[in-house]
Amino acid sequence: MAQEPFEDGFANGDELSPAEEAAAKEAAESKGVVKFGWVKGVLVRCMLNIWGVMLFIRMSWIVGQAGIGLSCLIVGMATVVTTITGLSTSAIATNGFVRGGGAYYLISRSLGPEFGGSIGLIFAFANAVAVAMYVVGFAETVVELLAGADALMTDEINDVRIIGTITVILLLGISVAGMEWEAKAQIFLLIVLIAAIINYFIGTFIPIKSKEALGYFGYDSAIMWENMGPDFRGETFFSMFSIFFPAATGILAGANISGDLADPQLAIPRGTLLAIVITGIVYLGVAVSTGSCIVRDASGNVNDTLSSEFMANCTDAACKFGFDFSSCKNDAAGCKFGLQNDFQVMSMVSGFGPIISAGIFSATLSSALASLVSAPKVFQALCKDNIYPGLGMFAKGYGKNNEPLKGYILTFIIALAFILIAELNIIAPIISNFFLASYALINFSVFHASLANSPGWRPSFKYYNMWVSLSGAVLCCVVMFVINWWAALLTNVIVLGLFIYVSYKKPDVNWGSSTQALTYHQALTHTLHLSGVEDHVKNFRPQCLVMTGYPNSRPALLDLVYSFTKNVGLMICGHIRTGYRRPNFKDLANDQARYQRWLLKNETKAFYTPVFAEDMRQGAQYLLQAAGLGRLKPNMLVMGFKNDWRDGDMMNVETYISMIHDAFDFQFGAVILRLKEGLDVSHIQGQDELLSSQEKSGMKDVIVSIDTSKDSDADSSKPSSKAISLQNSPAPQKDEEDDGKAPTRPLLKKDKRSPTMPLNVSDQRLLTASQQFQQKQGKGTVDVWWLFDDGGLTLLIPYLLTNKKRWKDCKIRVFIGGKINRIDHDRRAMATLLSKFRIDFSDITVLGDINTKPKKEHVTAFEELVEPYRLKEDDMEQEAAERLKDSEPWRITDNELELYRGQDQPSMPLARKGAVSSALYMAWLEVLSKDLPPILLVRGNHQSVLTFYS
């Protein structure tokens, strides 16, 4: 398949072998490409991303609202979700080489392009919005400092927008400068952040008298007990959880730059899980410490002290320290301090306030920087895989580190748009749902891969469990709806829409996903289960072994059989390759894959099965015995009529008839399709080019000028005669719905530049006839000549045909044999029978003259037809006659002619093996079907395929 190679040296959808991967890695190192270890690449990034804006300017407020107990529960719940996801991420990351793309790469290679493509887009978008969240947090802090110094530029909201815009432009500059600069900036920011956290904890142990009016009294059991329970003011537990949860979403910061890690398999599990543990402990520590030394409300007024006479009536924890903040309950607007009212409480408590401000700057800017790098990297990986064709321009990388500059610009634009909202509490829940959707799919990937039980799923990280991962996925989905039900619904609709789009587009990639593994597992399980169930007449399905040769060489045969097997039964295109040279099995395997792809592109639900054999009969026996699997085995042999039987070697006719006998011996039904123009179009120049052009260019149509407005069936004024005869109106209509199936690419042209190839008249007729079953059939009839009860197959096939959209305008007419004096009785009996079988029909014709002797001229014509093939044993010695019969078994003996003279032949005569010569049998079939519209000769194997009973 022709594909555009990408700059990183592998074609779209192709994976490098481990040896090639190692060589590419070595080459990258020699070029001076920057690669990070687990500390610098994963641990530092995850800690910086998790210790984001929430740690310093929202954690204390959450404690004020939810209390210490519920705050610890919120942190615990978020940590459980992230820990399970971290374990799942580690399992996927250690199941083979990990390239760039982070969460997108992990999900797409595990669950396939449908899930990966849908989640990759929203994950990249979520990271872009996260930039806005962190920058707004930074800008809020700066604005509060400016307000304290009375130096606001306009008003608070607009100042947040101005500072946020300037900040994101500076961050973009650092990101574009390259990963090395960005990594150095991250290390510096981590040092500042750790210093700020230590500074805060030191401050909690140093009570200062001047801070008491602001609500800080140092560690005290009374304060801790008072703050233990919730005190929600316009908020709920789940709204608190939704605001906190984005603080835990930094766990994929390391995985998102997987392409820049020296050893992703080691770095991602170690760095991610350690970061979750460290940050979780710090969050819990901050929740307990703030709740233990700061009261919920404080006025900031040093004169709000408690006189001795009111001491007995005061119950608040502050009363113990001589302060009375009871006025805050009546005048909340007047109290601007304490856990509930002051976002900057941690700065006030700390040993040295400016370090906390520096920590806030560090936390917010580092998280913004990490997200600003993650979003373009994930988006670049998505675009490289060409899941969404229109986004290819973003796949191109620049510089030695393959930096996605266009992705940076796009991320910058998205972030800027959300910065203009300037409200942290509005932005946070939006991205929580997108991150949770990604986490849910990462967890589901591990469950799915474990369930599929594929030998290729063997992660070196062993500390995972499929059921824990499934519970993690369910938990993520529950949390999504808890945080914001309409946002969760919107997220699911977006993911589903993208999933359907990618499924419809069917990107040409093969990543060995767990979806494929599970499909195989289920197919195998159901096939084995089916094998243990006895056949029942109600569940009979036509399962056809169709002798098409190459599937595109007999389009009419392929299309007609597919018309009644589509979504009903099995269809196997059998192809017998003969020759006495040593067979090339590699070519056979290549052809098998090539033509199976052709069937799939042609939207024909069938299997192509080629075999090598010494002759046609042996090959047919191989297929009759071995084609299929368990209960999914053919029960009907379908062949084209041998139109040229009189022109070639009569031993070929002997082989052809023997194949029919073999089918009956193997308990198969037999069906023969005859078109007067013929079936085989493989000799028409352009068939090979047609196949290769479709594979290489994906061309929808290859065209020759053919007038399809002509009657492609036959002169409809002639009486139609069939075992099943397909008679249509003169102009088949174009099928708008077309059963959802593309035409069989029948029209030929070498390529887009070559001129139209001239065809002779017979080839043009053949090509036109070969397409007739691809079009919607006009108002006509399917005539069923039911002259012999073969189990009901002759009735079932036309019923299935007329149930299809292409054939729905055709009516079934039934012709039966009878006696002239019982015509009405026989018609009524047949109508009753058909109604019991629940088969609609338009007319029943009883042939009262079925036993009438043929006209003399027809008898003469038949005798002239068989004359060249007679043995004429009466004109030679018995021994010579036997020798000739042995060497030419197709010859017709005088006894045969006499024995079968004047006998009625049913719809498809069944010749007794060894009793009727192949030449006589072919003559019968020739006379039965000559000069008719398309005719299907059907003979069941006497197995009942119809039943009255429900």
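Note that the coordinates shown come from a computational prediction; the quantities given were computed from them, not determined experimentally.

Regarding its fold elements, the protein chain presents 31 helices and ten strands. Split into buried and exposed, the 950 residues of the protein chain put 54% on the buried side. Of the contacts made within the protein chain by residues no fewer than 6 positions apart, 82% connect residues no fewer than 24 positions apart. When the accessible surface of the protein chain is totalled, it reaches about 41,900 Å², and 58% of it is carbon and sulfur.

A few words now on helix α21 (residues 585–601). The terminal C-alpha atoms of α21 lie 24 Å apart, and with 17 residues this matches the ideal 24 Å at 1.5 Å per residue to within 8%. Positive phi appears at Glu 603, one or two residues downstream of α21, with a value of about 55°.

For the pair helix α6 (residues 113–148) and helix α15 (residues 405–419), interaxial distance at closest approach is 8 Å and the crossing angle is 50°. The angle between α6 and α15 falls in the class oblique. By crossing handedness, the relation of α6 to α15 is classed as right-handed. Seen from α6, the contacting residues are Phe 125, Ala 128, Val 129, Val 131, Ala 132, Val 135 and Val 136; seen from α15, they are Thr 411, Ile 414, Ala 415, Phe 418 and Ile 419.

Before going further, it helps to examine the nonpolar core. Within soluble globular proteins, side chains that are nonpolar generally end up buried alongside one another. Ranked by size, the top nonpolar core spans 144 residues in total, and within it Trp 51, Phe 56, Phe 244 and Tyr 283 carry the most contacts. Those residues in contact with Trp 51, other than ones at most four positions away along the chain, are Leu 190, Leu 193, Ile 194, Ile 197, Ile 278, Thr 279, Val 282, Tyr 283, Ala 363 and Ser 367. Within the second largest apolar cluster, 49 residues are counted, among which are Leu 558, Leu 793, Leu 801 and Val 938.

With that settled, the discussion passes to the packing of aromatic side chains. A complete count under the given rule lists 22 aromatic pairs for this structure. Between Phe 237 and Phe 238, the ring centres sit 5.2 Å apart and the planes meet at 75°, which makes this aromatic pair edge-to-face. When its relative accessible area of 15% is taken as the criterion, Phe 237 is described as buried. Ring plane angle 75° and centroid distance 5.7 Å describe the contact between Phe 461 and Tyr 463, whose orientation is recorded as edge-to-face.

So, about a nonpolar patch on the surface. A grouping of Ile 194, Ile 198, Ile 202, Phe 205, Ile 206, Ile 208 and Tyr 219 is seen on the molecular surface, where their side chains present a nonpolar patch of about 640 Å² in accessible area. With respect to the secondary-structure elements, Phe 205 resides in the loop between α8 (179–204) and α9 (221–226). The class for Phe 205 is exposed, based on a relative accessible area of 61%.

A word on helix α22 (residues 616–626). When we look at burial in α22, the residues that qualify are Gly 619, Ala 620, Leu 623 and Leu 624. Buried residues along α22 cover an arc of 135° about the axis, so they all sit on one side. Taken together, the buried residues of α22 touch β1 (544–547), β2 (571–578), β3 (607–613), β4 (636–640) and α23 (650–665). Just past α22, the residue Gly 628 takes up positive phi, approximately 95°.

Structurally, Ile 294 can be placed in the loop between α11 (264–293) and α12 (327–330). Assessed through its relative accessible area of 0%, Ile 294 is described here as buried. The spatial distance from the C-alpha of Ile 294 to the C-alpha of Gly 64 is 9.1 Å, given a sequence separation of 230 residues. In this structure, Ile 294 is in contact with Gly 215, Tyr 216, Ile 223, Asn 227, Gly 338, Leu 339, Val 345 and Val 349, ignoring residues within four places of it in sequence.

What follows concerns the packing of helix α4 (residues 59–93) against helix α10 (residues 237–244). Packing of α4 against α10 brings their axes to within 9 Å, and their N-to-C directions diverge by 75°. As far as their axial angle goes, α10 and α4 are roughly perpendicular. Contacts between α4 and α10 involve Met 59, Trp 61, Ile 62, Gln 65, Ala 66, Leu 70, Leu 73, Ile 74, Val 75, Met 77 and Ala 78 on the former and, on the latter, Phe 237, Met 240, Phe 241, Ile 243 and Phe 244. Grouping the constituent residues of the contact of α4 with α10 by class yields 15 nonpolar, one polar and no charged.

What follows deals with the pairing of strand β7 (residues 781–785). Taking burial as the measure, the five residues of β7 include five buried ones, the bulk of the element. In β7, alternate side chains face the same way, and those of Thr 781, Asp 783 and Trp 785 on one face and Val 782 and Val 784 on the other are all buried. A crossover connection joins β7 to the parallel strand β8 (residues 811–817) through helix α26 (residues 793–802); in handedness this β-α-β unit is right-handed.

Another point: the pattern of salt bridges. Evaluation of the coordinates by the stated rule reveals eleven salt bridges. With a shortest N-O distance of 2.9 Å, Asp 385 and Arg 109 are connected by a salt bridge. Of this pair, Asp 385 sits in the loop between α14 (353–384) and α15 while Arg 109 sits in helix α5 (residues 102–111); the two residues are 276 residues apart in sequence, bridging distant segments of the chain. Accessibility assignment for this pair places Asp 385 and Arg 109 in one class, buried. One salt bridge in this structure joins Arg 822 and Asp 826, with 3.7 Å as the shortest N-O distance. A residue is classified by how much of its surface remains accessible, and Arg 822, at 39% relative accessible area, is partly exposed. By relative accessible area, which is 14% here, Asp 826 ends up buried. Taken together, the shared-partner salt bridges connect Arg 646, Arg 674 and Glu 926 into one network.

The next subject is the confidence of the model for the protein chain. Confidence in the prediction of the protein chain, expressed as mean pLDDT, is 77, and 82% of residues score 70 or more. Here helix α24 (residues 687–697) stands out as the least confident element of the protein chain, with mean pLDDT 46; β1 is the most confident, with 92. Segment residues 688–723 is flagged for pLDDT under 50; beyond a separation of four residues in sequence, or across chains, it makes 100 contacts in the model. In this model residues 727–755 is a low-confidence stretch, pLDDT under 50, and it forms 90 contacts with partners more than four residues away in sequence or in other chains.

We now examine unusual backbone geometry. The phi dihedral of Glu 603 falls on the positive side, at around 55°, and the residue is not glycine. Along the polypeptide, Glu 603 turns up in the loop between α21 and β3. Look at Glu 603 and you get partly exposed, because its relative accessible area is 38%. One non-glycine residue with positive phi stands out, namely Asp 931, at about 55°. Looking at the secondary structure, you find Asp 931 in the loop between α31 (918–929) and β10 (935–939).

Among the six residues in strand β5 (residues 669–674), six count as buried, and that is most of the element. In this structure, β4 lies alongside β5, joined through five bridges in parallel fashion. Paired with Met 639 across the strands is Ile 672, a residue of β5. This β-α-β element, β4 to α23 to β5, shows right-handed connectivity. By the bridge criterion, five bridges tie β5 to β10 in an arrangement that is antiparallel. Counted as the bridge partner of Ile 672 is Leu 937 from β10.

Below, the discussion takes up the environment of His 942. Take His 942: it is sitting in the segment after β10. You can call His 942 partly exposed: its relative accessible area is 46%. In the structure, His 942 is positioned 278 residues away from Phe 664 in sequence and 9.9 Å away in space, judged by C-alpha atoms. With residues up to four places along the chain from it excluded, the contact list for His 942 reads Phe 788, Asp 789 and Asp 790.

Position of Lys 377 relative to the elements: it lies in helix α14. According to the relative accessible area criterion, Lys 377 is buried, its value standing at 8%. In this structure the C-alpha to C-alpha distance between Lys 377 and Ala 395, which are 18 residues apart in sequence, comes to 9.4 Å.

Criteria and cut-off values
Residues numbered from 1 in each chain as written. Predicted model: local features only at pLDDT ≥ 70, side-chain atom pairs only at ≥ 80, totals over all residues. Heavy atoms only, no water. Helix = DSSP H or I, 4+ residues; strand = E, 2+ residues; numbered from the N terminus. Buried < 20%, exposed > 50% of the residue type's maximum accessible area, 1.4 Å probe, protein only. Contact = heavy atoms within 4.5 Å. Areas by Shrake-Rupley, 256 points an atom, 1.4 Å probe, with all protein chains shown as cover. Expected span 1.5 Å × (residues − 1). Axes fitted to C-alpha atoms, helices over the stretch in contact; angles between N-to-C directions. Parallel < 35°, antiparallel > 145°, perpendicular 65-115°, else oblique. Left-handed = near helix turned anticlockwise from the far one by under 90°. Core = buried A, V, L, I, M, F, W, Y, C linked by side-chain atoms within 4.5 Å. Phe/Tyr/Trp six-rings, centres within 6.5 Å; stacked < 30°, edge-to-face > 60°. Patch = residues over 30% accessible without salt bridge, like charges linked within 9 Å, V, L, I, M, F, W, Y side chains within 5 Å. Salt bridge = Lys/Arg side-chain N within 4 Å of Asp/Glu carboxyl O. Arc of directions from axis to C-beta. Nonpolar A, V, L, I, M, F, W, Y, C, P; charged D, E, K, R; others polar. Right-handed = clockwise from strand over helix to strand, strands pointing away. pLDDT = per-residue confidence, 0-100. Pairing = 2+ DSSP bridges.

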